[in-house]
Amino acid sequence: MSEMRDILKAALPQADERALDRFELYQRLLLEWNEKMNLTAITDPVEVARKHFADSLAALPYLQPGTKVIDVGTGAGFPGVPLLILRPELQLTLADSLQKRLTFLETLLRELGLRAQLVHGRAEDLGQNRLYREQFDAALSRAVAGLPVLLELTTPFVKVGGAAIAYKGDAAEELEKAKSAAFLLHVQLRQVELASDLGKRCLIFADKKAPTPKAYPRKAGTPNKKPL
Ligand code: SAM
């Protein structure tokens, strides 16, 4: 068995042989394409397996088969694509503002034999578009923005009763700062701590209690400049 396979097997105990085949291909394509374009600063295969693949799977227990999910600011596909590898029946949309990342993702999905919708655009614009606004059970995001900004970028995609789910490290300070954004966006925040050997990791759930007011998200750039 290849060394790469052993690394993936150790990092991803929940993956069966078919899923491991896909992770192996993902790892190879990610590192190959990364030489031509900036996809990830993490290039050591063990670190890719742990910090990208295994970390991305943290939301898996919260996504039932068939759940309609958008990954906002997916970059090279994290967390959406690892989740899709283990749950191919997810209805997944991958959104990013950088077209070249979507070009990578299009090739990746074709090679993996998996289906997802790819959307190019800024979350501020997509969140005001009827095709995407309040259409998803969950909006995932990892390493995109601080929580007050992130709530404005992600919660408009979620149906009432669904949740935006943010992957975070130590989030105590961000949670405190996000209180007014949560109030204005009609979401309730809760933190789920993760058992991780990568230091402190958690998922922040923003449970949507009522529709997002029409004013949000504000125009592109404003959420970052003037966080709620
Ligand atoms: N989620 C991936 C991960 O965990 O590795 C990528 C993280 S990368 C640091 C942030 C990504 O978010 C980039 O691909 C960037 O293009 C995208 N992004 C940042 N702001 C965005 C916005 N307002 N709308 C859509 N995508 C955005």
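You'll find the structure just up there.
Residues numbered from 1 in each chain as written. Predicted model: local features only at pLDDT ≥ 70, side-chain atom pairs only at ≥ 80, totals over all residues. Heavy atoms only, no water.

Caption draft 1: Seen up close, the site of the ligand. Taken together, 15 residues surround the ligand, and among them G73, F78, D96, R101 and R142 come closest. The contact in question runs from a nitrogen atom of the ligand to an N or O atom on the backbone of G73, over 2.8 Å. With respect to the ligand, the side chain of R142 contributes an N or O atom lying 2.7 Å from an oxygen atom. Of the residues belonging to the shell around the ligand, the class tally is five nonpolar, five polar and five charged. (Near = heavy atom within 4 Å. Polar contact = N/O pair within 3.5 Å; in protein donor to acceptor, adjacent residues only side chain to side chain. Nonpolar A, V, L, I, M, F, W, Y, C, P; charged D, E, K, R; others polar.)

Caption draft 2: Main features of unusual backbone geometry. Note that the residue after F78, namely P79, is joined by a cis bond; omega there is 5°. Mapping P79 onto the fold places it in the loop between β1 (68–72) and α4 (80–86). Note that the residue after Y216, namely P217, is joined by a cis bond; omega there is -5°. Relative to the helices and strands, P217 is located in the loop between β7 (201–208) and α10 (222–225). Its identity as a non-glycine residue notwithstanding, A143 has a phi of 60°, on the positive side. (Helix = DSSP H or I, 4+ residues; strand = E, 2+ residues; numbered from the N terminus.)

Caption draft 3: Main features of the pairing of strand β2 (residues 91–96). Of all six residues in β2, five are buried; the element is thus mostly enclosed. One ladder, built from five bridges, connects β1 with β2; its direction is parallel. Paired with V69 across the two strands is L92, which belongs to β2. Note that the unit made of β1, α4 and β2 has a crossover that is right-handed. Where β2 lies against strand β3 (residues 117–120), four bridges are found, and the strand directions are parallel. Bridged to L94 within β3 is L118. Regarding the hand of the β-α-β motif, the stretch spanning β2, helix α5 (residues 99–112) and β3 is right-handed. (Buried < 20%, exposed > 50% of the residue type's maximum accessible area, 1.4 Å probe, protein only. Pairing = 2+ DSSP bridges. Right-handed = clockwise from strand over helix to strand, strands pointing away.)

Caption draft 4: Broad picture of empty space enclosed by the protein. Applying the stated criterion across every chain yields a total of one cavity of 30 Å³ or more. In this model, the largest cavity occupies a volume close to 40 Å³. Around the largest cavity sit S141, L147, L150, L151, T154, A164, I165, A166, I204 and A206, which together line it. Taken together, the elements giving at least two residues each to the lining of the largest cavity come down to α7 (147–154), β5 (158–168) and β7. Ranked by residue count, the leading element in the lining of the largest cavity is α7, at four residues. In terms of residue class, the lining of the largest cavity is made up of eight nonpolar, two polar and no charged. (1 Å grid on protein atoms, 1.4 Å probe; cavity = no way out; pocket = protein on both sides within 12 Å on 5 of 7 lines; lining within 4 Å. Points joined across faces, edges and corners; volume = space filled by probe spheres on them.)

Caption draft 5: Seen up close, the pattern of salt bridges. A complete count under the given rule lists 19 salt bridges for this structure. Between R28 and E32 there is a salt bridge whose closest N-O contact spans 3.2 Å. Note that R28 and E32 are positioned in helix α2 (residues 17–34) at a spacing of four residues, about one turn of the helix. Here K159 makes a salt bridge to D137, at a shortest N to O gap of 3.3 Å. Taken together, the residues span a long stretch of sequence, with K159 in strand β5 and D137 in strand β4 (residues 136–142) at a distance of 22 residues. Given a relative accessible area of 33%, K159 falls into the partly exposed group. A relative accessible area of 29% means that D137 is categorised as partly exposed. Among the charged side chains, a salt-bridge network with shared partners connects R5, K9, E17, D21 and E24. (Salt bridge = Lys/Arg side-chain N within 4 Å of Asp/Glu carboxyl O.)

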